[in-house]
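As a plain string of letters, each chain reads:
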Amino acid sequence: MLKFFRKHARGWFMIAVIVVIIIVFVLYFGSSGGGRHTSAIFIVDKQIISEAEFLDEYDKLLDVVRINLKEKLTPEILKKMNLKAKAYNNLLNRYIIIAKAADLKIKISDEELKDSIMSLPILQTNGIFDEMKYQQLLRYNRMTAQDFENLQKTKLMAEKIEFFVREGVKISDKEIYDWYVLQNWKININFLKITGGDIKNKISPVESELEDYLKRNNNLFRVPEQTKIKYLFFTPDSFSPDITDDDDIKSHYNSYRDKYKTKDGKPLPLDSARDSIIKELKITRGKQNAYQAAKKARDVIYQEDNMEDYGEKNNLKVYYTDFFPINKLPPELVSVKNVTEELLNLQEKDVSKVISADNGYYLMQLIEKKASYVPKLNIIENEVRRRFIETETKLLAEKEANSILERLKSGESFEKIASEKGLKIGQTGFFQPSNTIPNVGQNPDAEEIILQLSSGKPYAEKPFFINDAYFILKFKEATEPNKKTFADEKEIYRKTLIAFKQKEAMQTWLEGNKAAMIKEKRVRIKKKLEDL
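Owing to the predicted nature of the structure, the values given are computational and were not obtained by experimental measurement.

Draft legend 1. Main features of the overall build of the chain. When its secondary structure is counted, the chain shows 21 helices and 16 strands. Its C-alpha atoms give the chain a radius of gyration of 30 Å, more than 25% over the compact-globule value 24 Å for 532 residues. Residues classed as buried in the chain amount to 42% of the 532 residues present. Looking at the chain as shown, the accessible area adds up to about 29600 Å², and 50% of this sits on carbon and sulfur atoms. Computed over 89 positive and 80 negative side-chain charges, the inter-centroid distance for the chain is 2 Å.

Draft legend 2. View of the sheet that holds strand 1 (residues 40-44). Across the sheet, 3 strands lie side by side as 2-1-16; this open sheet has antiparallel pairing. Because the sheet does not close on itself, it has two edges, and the strands there are strand 2 (47-50) and strand 16 (523-525). Strand-to-strand twist of the sheet, defined as the mean angle between neighbouring strand axes without regard to direction, takes the value 20°. Of the pairings in the sheet, the one linking strand 1 to strand 2 comprises 4 bridges and is antiparallel in character. Pairing of V44 across the sheet is with Q47, part of strand 2. Relative to the sheet, helix 3 (residues 51-69) contacts strand 1 and strand 2, its axis offset from that of strand 2 by approximately 55°.

Draft legend 3. How the structure looks around the nonpolar core. With 39 residues, the main nonpolar core has I41, F42, V44, F54, L232, F234 and I301 as its most contacted residues. Of all the secondary structure elements, the ones that give two or more residues to this core are strand 1, helix 3, helix 5 (83-103), strand 6 (226-234), helix 15 (270-304), helix 16 (307-313) and strand 10 (360-370). Per-element accounting of this core gives the leading share, 8 residues, to helix 5. Those residues in contact with L232 that sit more than four places away from it in its chain are I301, M307, Y310, L316, K317, V318, Y361, Y362 and L363.

Draft legend 4. Geometry of helix 6 (residues 110-118). Taken as a whole, helix 6 has its buried residues at L113, S116 and I117. Down the axis of helix 6, the buried set is contained in an arc of 95°. They therefore lie on one face.

Draft legend 5. View of unusual backbone geometry. Its identity is not glycine, yet N126 carries a phi of approximately 55°, on the positive side. Note that N126 resides in the loop between strand 3 (124-125) and strand 4 (128-129). Phi angles above zero are rare outside glycine, and D468 is one such case at about 65°. Here D468 is to be found in the loop between strand 14 (464-466) and strand 15 (469-478).

Draft legend 6. Representation of the sheet that holds strand 5 (residues 187-194) within the structure. Pairing in this open sheet of 4 strands is antiparallel, and the strands run 11-5-15-14 from one edge to the other. For this open sheet the edge positions go to strand 11 (426-427) and strand 14, each flanked by a neighbour on one side alone. Across 2 bridges, strand 5 lies against strand 11 in antiparallel orientation. Opposite F191, over in strand 11, you have G426 as the bridge partner. Each of strand 5, strand 14 and strand 15 is contacted by helix 18 (residues 377-409), which is oriented at about 30° to strand 15, the strand it contacts most.

Draft legend 7. Region of the structure containing the packing of aromatic side chains. Tallied over the entire structure, the rule returns 20 aromatic pairs. A ring pair is formed by F129 and Y134, whose centres lie 6.1 Å apart and whose planes are at 50°; its orientation type is tilted. Here F129 and Y134 have matching classes, each one buried. Relative to F486, the ring of Y180 has its centre 5.2 Å away and its plane inclined at 50°; by these criteria the two rings are tilted. Residue Y180 is found in helix 9 (residues 173-184), and its partner F486 is found in helix 21 (residues 483-519); the two are separated by 306 residues along the sequence. Residue classification places F486 among the buried residues on the basis of a relative accessible area of 11%. Among the aromatic residues, ring-to-ring pairing joins Y177, Y180, F486 and Y493 into one connected group. Stacked on the ring of F323, the Lys or Arg K370 has its end atom at 4.3 Å from the ring centre. Over the ring of F465 we find K394, and its NZ or CZ is 4.3 Å from the ring centre.

Draft legend 8. Structural context of the packing of helix 18 against helix 19 (residues 414-421). Where helix 18 meets helix 19, the axes come as close as 10 Å, and the angle between the chain directions of the two elements is 150°. What the angle tells us is that helix 18 and helix 19 run roughly antiparallel. Crossing of helix 18 against helix 19: the hand is right-handed. Every residue of helix 19 that contacts helix 18 at E400, I404, R407 and L408 is listed here: F414, I417, E420 and K421. Within the contact of helix 18 with helix 19, the residues separate by chemical class into 4 nonpolar, no polar and 4 charged.

Draft legend 9. Geometry of the pairing of strand 10. For strand 10, the tally of buried residues reaches 8 of 11 residues, placing the bulk of the element in the interior. Here strand 6 runs beside strand 10; their pairing, made up of 9 bridges, is antiparallel. Considered in strand 10, the bridge of Y231 is made with M364. Note: strand 9 (residues 355-357) against strand 10, 3 bridges, orientation antiparallel. Looking at the pairing, I355 lines up with Y362 of strand 10.

Draft legend 10. Representation of the pattern of salt bridges within the structure. The final tally for this structure, using the stated rule, is 30 salt bridges. Between E175 and K501 there is a salt bridge whose closest N-O contact spans 2.9 Å. One end of the pair, E175, is in helix 9; the other, K501, is in helix 21, and 326 residues separate them in sequence. Take E175: its relative accessible area is 30%, and that puts it in the partly exposed class. The class of K501 is partly exposed, set by a relative accessible area of 22%. For the salt bridge of E400 with K421, the shortest nitrogen-to-oxygen distance reads 3.0 Å. Taken together, the residues E400 in helix 18 and K421 in helix 19 connect sequence positions 21 residues apart. Ionic contacts of the salt-bridge type, sharing partners, join the residues D45, K100, D103 and R522 into one network.

Cut-offs and rules
- Residues numbered from 1 in each chain as written.
- Predicted model: local features only at pLDDT ≥ 70, side-chain atom pairs only at ≥ 80, totals over all residues.
- Heavy atoms only, no water.
- Helix = DSSP H or I, 4+ residues; strand = E, 2+ residues; numbered from the N terminus.
- Rg over C-alpha atoms; globule rule 2.2 N^0.38 Å.
- Buried < 20%, exposed > 50% of the residue type's maximum accessible area, 1.4 Å probe, protein only.
- Areas by Shrake-Rupley, 256 points an atom, 1.4 Å probe, with all protein chains shown as cover.
- Lys, Arg positive; Asp, Glu negative; His and termini not counted.
- Charge placed at Lys NZ, Arg CZ, Asp CG, Glu CD.
- Pairing = 2+ DSSP bridges.
- Axes fitted to C-alpha atoms, helices over the stretch in contact; angles between N-to-C directions.
- Contact = heavy atoms within 4.5 Å.
- Core = buried A, V, L, I, M, F, W, Y, C linked by side-chain atoms within 4.5 Å.
- Arc of directions from axis to C-beta.
- Phe/Tyr/Trp six-rings, centres within 6.5 Å; stacked < 30°, edge-to-face > 60°.
- Lys NZ or Arg CZ within 6 Å of the ring centre and 35° of its normal.
- Parallel < 35°, antiparallel > 145°, perpendicular 65-115°, else oblique.
- Left-handed = near helix turned anticlockwise from the far one by under 90°.
- Nonpolar A, V, L, I, M, F, W, Y, C, P; charged D, E, K, R; others polar.
- Salt bridge = Lys/Arg side-chain N within 4 Å of Asp/Glu carboxyl O.

Here's what the structure looks like:
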């Protein structure tokens, strides 16, 4: 089938993923599942999806980010992107779509598949299908043509399913107007701030009260379990190969020619881009080699309990830590994701699984654990006293705030109560409702509550606790929607709303089918995201 696309298939390991494939095929396109074999993370209709596929998917996403952001990529940005969650969900969603396409008897003809591949912009030169670019794509993604066609079929099936889901989304004129108002409406709020600061200095607990507080809140003062470990660290730099194959370098350059440019935007010749290409190839291949080395070390050390011997024979340094609380990792391990959960599951002499980090891979072995305990009051009396006073202050402030709010709801004057209590009336100024309230702070429920305020219902149901203080909010005024502007821009808001609702509908469809298939045991989750 489709011999035209398959006749030149070859397999080289993917060095830098084709950006368009990852971005355009978001949920439906990714690793081919070939190569490494590890334990299953989930099973969909008897189809096993392995940890190796997850790692391939994650590596592709990570490579895209690295290629595009380069030196701008920071650990903070990477953390916010949460690429592991994206990789995990991409894989699961992709296989759910394949399963549901089979249920719905959705098929892709050879002609549809051929046309879709030939029309991919990344495989064209001057608007015409370029067979050389197709070969390069297969090499860089270490795919056969069959792999690529199967992935493209999945994308096309997903598009058909998405089309039917999206076609079912309808919106009314009222919904469009409400959407316009939501995007443009602004509100101005008065507020009172109650801190309890004036009573804080009057709280003077006796020893019996502190003892009782410590007993009731012992987890606040518990010294957590402490752990001592040793570990091996496998860095991509240590396992990066020499890149000497000119064809390899040239193929990479041809696939990413637009990326290599001079400061004035002119194409950079291959000779000038060579060093950058070699560096990129070394990073990606080094990471793959480091993973394989860590996996091999784990297999040996798990069986023979010989980390020191293994390190010496393989020129690997064994690192040791002092005792540390499980919730306060040594600085060198802080950036390692899921390490806390992994260490909690280890007993003395247990060897961890290979733990992935942004800068390499770790293999850890537990040396010793110390049980958690609660210190005696005489050792931590100052800390117990401080927390006792803070708790009592908060309770008294909350009681005062609720008392004031009840009086306001019964009809008493906002200004009168503020004056009586010596409280200053604050004002937010006009702002668009969100979980951040100007001059007040952030609260996860703020936007929902603010949208309910009006001249007829000026007060929130309860005080907000933000930044160690209670706030009573009162509606002051709001902007009126501009109906002429709405009439002029109605079509724009119609398009944005329907796009929003269509995306929401597709996500609901995916989540609903996932839940149903899990209940029917067609989907079996073997490893949760936090376990990877």
